[in-house]
Amino acid sequence: MKSFLRDNGLTLALMLLFLASLVGQMTSGFQMENHERIEHGQAVIGFLEFLKGGQFLSTLFENWESEFLQMWAYVTLTAFLFQRGSPESKDPDKPAPQDRDPALDADKPDAPWPVRAGGLARRLYSRSLGLAMMILFAASFTLHAVNSARLAGEEAVQHGQPPPGVLDHLASAEFWFESFQNWQSEFLSTAVLVVLAIFLRERGSSESKPVGAPHAQTGT
């Protein structure tokens, strides 16, 4: 057990933080929803009803969407773009092990099976991380759009207006305001990390250069 915790501590800590934040979002969102309903003279709803509603699911997937977009962009752009001095970038002046032709490792017994299999499996595996992030983004984007349209429909009915369809809602400024307000912050935070890591250090972190490394050193 001790070895398992040591070897998987980063993932476990992040997942615990995720679950704690998710519980915080659910409970505070539930309280806020019923507070607003009381203010407007509406009946309060139960916790499970709130979790199935458009308000909660729209905001949930709205945030997931931006995170997966950020990770997809980061994984993909770092494959061919550089930032000299940043540990988040490959060195533009040196060959990177990430660029090695996987066909050269096809005879290694401990290589992942798609590398040993070759062909389409190897080509897809060579881009599998970016593809996975893109699929997760597309799924979150779709779920955000569907539940945001549900929420817009519920609000329209309250005001005696016809509820919009999903495609109509996709064309609305409201939906894109929800998306862009999160996307811009994700791209900004990533750019800030890339640049600050040139000059600043975090001892012991794999996201930082060694404390004594020169600013011009690129990669870790």
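Quick caveat, the model's predicted, so the values are computed rather than measured.

Caption draft 1: Spatial organisation of the overall build of the chain. Helix and strand counts for the chain stand at nine helices and zero strands. For the chain, the C-alpha atoms occupy an extent of roughly 65 × 45 × 40 Å along the three principal directions. By residue count, 31% of the 220 residues in the chain fall in the buried class. Looking at the chain alone, contacts between residues at least 24 apart form 54% of all its contacts between residues at least 6 apart. When the accessible area of the chain is evaluated, it comes to approximately 14,500 Å², of which 66% is carbon and sulfur surface. Between the averaged position of the 17 positive side-chain charges in the chain and that of its 24 negative side-chain charges there is a distance of 14 Å.

Caption draft 2: Spatial organisation of the environment of Phe82. Structurally, Phe82 is set in the loop between helix H4 (54–77) and helix H5 (113–117). For Phe82, a relative accessible area of 44% gives the class partly exposed. A C-alpha to C-alpha distance of 37 Å links Phe82 and Gln25, two positions 57 residues apart in sequence. Excluding residues that lie within four positions of it along the chain, Phe82 makes contacts with Ser89, Lys90, Asp91 and Pro92.

Caption draft 3: A look at the pattern of salt bridges. The tally for this structure, following the rule as stated, stands at six salt bridges. In this structure, Asp7 engages Arg6 in a salt bridge whose closest nitrogen and oxygen atoms are separated by 3.0 Å. The exposure class of Asp7 is partly exposed, given its relative accessible area of 49%. Between Asp99 and Lys90 there is a salt bridge, with its nearest N and O atoms 2.9 Å apart.

Caption draft 4: Quick look at helix H7 (residues 128–158). With 31 residues, H7 should reach 45 Å at 1.5 Å per residue; the first-to-last C-alpha distance of 45 Å fits that figure. Remark: Gly160 follows H7 within two positions and exhibits a positive phi of approximately 70°.

Caption draft 5: Examining the nonpolar core more closely. Counting residues in each nonpolar core, the largest one holds nine residues, listed as Leu22, Met26, Ile45, Phe50, Leu51, Phe56, Leu57, Leu60 and Phe61. Residues in contact with Leu51, not counting those within four places in the same chain, are Met26, Phe56 and Leu57. In this structure, Phe137, Phe141, Ala145 and Phe175 belong to the second largest nonpolar core, which totals six residues.

Caption draft 6: Fine view of the confidence of the model for the chain. In the predicted model, the chain carries a mean pLDDT of 94, and the fraction of residues at 70 or more is 100%. Least confident of the elements in the chain is helix H1 (residues 2–7), whose mean pLDDT is 90; most confident is helix H6 (residues 119–126), at 97.

The rules behind these values
Residues numbered from 1 in each chain as written. Predicted model: local features only at pLDDT ≥ 70, side-chain atom pairs only at ≥ 80, totals over all residues. Heavy atoms only, no water. Helix = DSSP H or I, 4+ residues; strand = E, 2+ residues; numbered from the N terminus. Buried < 20%, exposed > 50% of the residue type's maximum accessible area, 1.4 Å probe, protein only. Contact = heavy atoms within 4.5 Å. Areas by Shrake-Rupley, 256 points an atom, 1.4 Å probe, with all protein chains shown as cover. Lys, Arg positive; Asp, Glu negative; His and termini not counted. Charge placed at Lys NZ, Arg CZ, Asp CG, Glu CD. Salt bridge = Lys/Arg side-chain N within 4 Å of Asp/Glu carboxyl O. Expected span 1.5 Å × (residues − 1). Core = buried A, V, L, I, M, F, W, Y, C linked by side-chain atoms within 4.5 Å. pLDDT = per-residue confidence, 0-100.

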